[in-house]
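Examination of the molecular architecture
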Amino acid sequence: MSARSLALVVAAVAIAVIGVVISLAWNDSRQNDARSERIAEAVSAGVRIDTEVEDAVALAAAAEAIVETEDAEERTELARLARAAFSDPHIVAVAWAPRVGTDADPSYPVRLVESESTALSPGTDLTTLSGVPVALEAARASGETVLAAPEGGDALVLVREAVRRAPGGEAIPGAVAVVLEPDGLGAVADLESAVEVRDGATVLVDGEEAGSSNSAVLDVGGREWLVVFSSDSPSLVIPALVLALIVLAALVVVVVAVVGAARERRLRGEADREASRAEALRELAEGIAETEAGEPAGIPDLAAAAARAVSDADSAGVVQFSLDGLRELATVGAENGSSEVVRGLLEEVGAAGAPVRSDADGTVIAATPVRVDDETWGAIWVVGASAGAADPTAAAHVLGIGLSNLHRRAELRVQARTDALTGLANRRSYMEQLRREVALAKRRERPLSVAMLDIDHFKAVNDEFGHPAGDHTLAELAARLVAVARASDLLARVGGEEFAWLMPDTGLAEAWQAAERARRAISARPM
């Protein structure tokens, strides 16, 4: 064989090997991209589940407060609370069940229930639900709301000890249960068939032969969920062909080594970038989750840093839309939201409520709206030279969900301490404030007075004019009390038609005069 022919053969072999290696690299890249996307979607779904569980925890506390009130109409109050909660499509049932039986073998048959599904019904024993008995014991021991994850189900159950105060004053031990059907659990199950989700030993989503080489740990309601993905089995035909071709030509070995090293460096770099992006989003989600209420200054800073990391941008920032225009909350990098080009894009976002992007002069500028409670709250913007990566959507999505969750938690906390009909403090809030004021009065040696008010013949109002008229009477009486009380006083509805008036730094004579002013204000004109 001539040198020319040998050269052609070697060249053909080299071209074939290069083609095979490129094909293999392309296939591995697709698998890696798909795996990274699954893990990112699982983490995002975990954040959604965690925020939905936080809403359900606050709802359980509010339901407990209603059950503990010595009010014959707690079923009406529980229904009102449940209807408000059902505006969140993930919460499908709220119930109270007494604890019967022995301590060694208790049961919890549902007595009061409001439900939009068949998850719970009157008479359903909570202990028959998978995972709930253990959660009930944990709730009794800790006094906290405990999450139960029934095996193979698409719903989560949160339970909390709650002692019902019957109209006669009898204390009936039991538990409040909230059933949650989170979007996030379905999102994890829909990633692909070979995905398994475990809560300890409990299998929540059963995959098909899921392996252990790829997994992610999600923090949901203070519990750790393990998401395990199967690994794609490598083909033995292509490696065998590559090995045979490598034996024929040393050149192929060099090519494979060079291409393999380059691909490994690229994949390692991509993995590092993905880890950095996931860490930035995780820090943002944790920062929001640790916030009690409001919109603290640190949250926009975390959001700007997350947008910059996720987008590989040079600069990023967060602005809030207000009646006065753009309010710049945070900026990282050299650029800022007051530059002419950035401000122009942000104004377009505020007007259209949709993402806007500009690629002028080789510099990419992108802005995405932040939606809070279905309204455009503000925007996140990024500036950089990487056209493909400049997308702050993920950070804007996490920030919007987090701020919406903060608002809902604040509203639920108010509902848990407020009487829904009159707007006054409820019995639980009143008792807590009373204990604090008594201790303060003793320590400072100052007077403290409490006036108890009751509506005479209130049952006759309900019997003659109906319960709507009775509700109107209670609300109107509360408004007249508020009009004569001081800002430092506390007014509370502690029973059906019973009210308490807590007056700090007030002696008996002053309290008697205040009560008389209230009596005259209430009797001055008809209800």
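For the structure itself, look to the data block above.
What you see is a predicted model; the values in this text were computed from it and never measured.

What counts, and at which threshold
- Residues numbered from 1 in each chain as written.
- Predicted model: local features only at pLDDT ≥ 70, side-chain atom pairs only at ≥ 80, totals over all residues.
- Heavy atoms only, no water.
- Helix = DSSP H or I, 4+ residues; strand = E, 2+ residues; numbered from the N terminus.
- Contact = heavy atoms within 4.5 Å.
- Pairing = 2+ DSSP bridges.
- Axes fitted to C-alpha atoms, helices over the stretch in contact; angles between N-to-C directions.
- Parallel < 35°, antiparallel > 145°, perpendicular 65-115°, else oblique.
- Nonpolar A, V, L, I, M, F, W, Y, C, P; charged D, E, K, R; others polar.
- Buried < 20%, exposed > 50% of the residue type's maximum accessible area, 1.4 Å probe, protein only.

Quick look at the environment of P122
Among the structural elements, P122 can be located in the loop between β4 (112-115) and α3 (132-142). Expressed as a C-alpha distance, the spacing of P122 and R111, which sit 11 residues apart in the sequence, is 5.7 Å. Beyond its immediate chain neighbours, meaning those up to four positions away, P122 contacts V110 and V113.

Things to note about the sheet that holds strand β21 (residues 498-504)
Within a sheet, neighbouring strands are paired by backbone hydrogen bonds and run either parallel or antiparallel to one another. One open sheet holds the three strands; their spatial order is β19-β21-β20, and the pairing between them is antiparallel. Of all the strands in the sheet, just β19 (448-454) and β20 (490-493) have a single pairing partner and so form its edges. Ignoring which end each strand starts from, the neighbouring axes of this sheet average 15° apart. Against the sheet, helix α12 (residues 467-484) touches β19, β20 and β21, its axis set at about 10° to β21. The sheet strands contacting helix α13 (residues 508-523) are β19 and β21, and the helix crosses β21 at an angle near 140°.

What to know about the packing of helix α11 (residues 458-465) against α12
Two numbers describe how α11 lies on α12: the axes approach to 6 Å, and their chain directions differ by 140°. Relative to α12, the element α11 lies oblique. Contact residues: F458, V461, N462 and F465 in α11; H467, A469, G470, T473 and L474 in α12. A class-by-class count of the residues in the contact of α11 with α12 yields five nonpolar, four polar and no charged.

Quick notes on the pairing of β20
Burial along β20 is two-sided: the residues L490 and A492 and L491 and R493 are all buried. Where β20 meets β21, four bridges bridge the pair, whose relative direction is antiparallel. Considered in β21, the bridge of R493 is made with F499. Here β20 folds back onto β21, and the loop between the two strands holds four residues.

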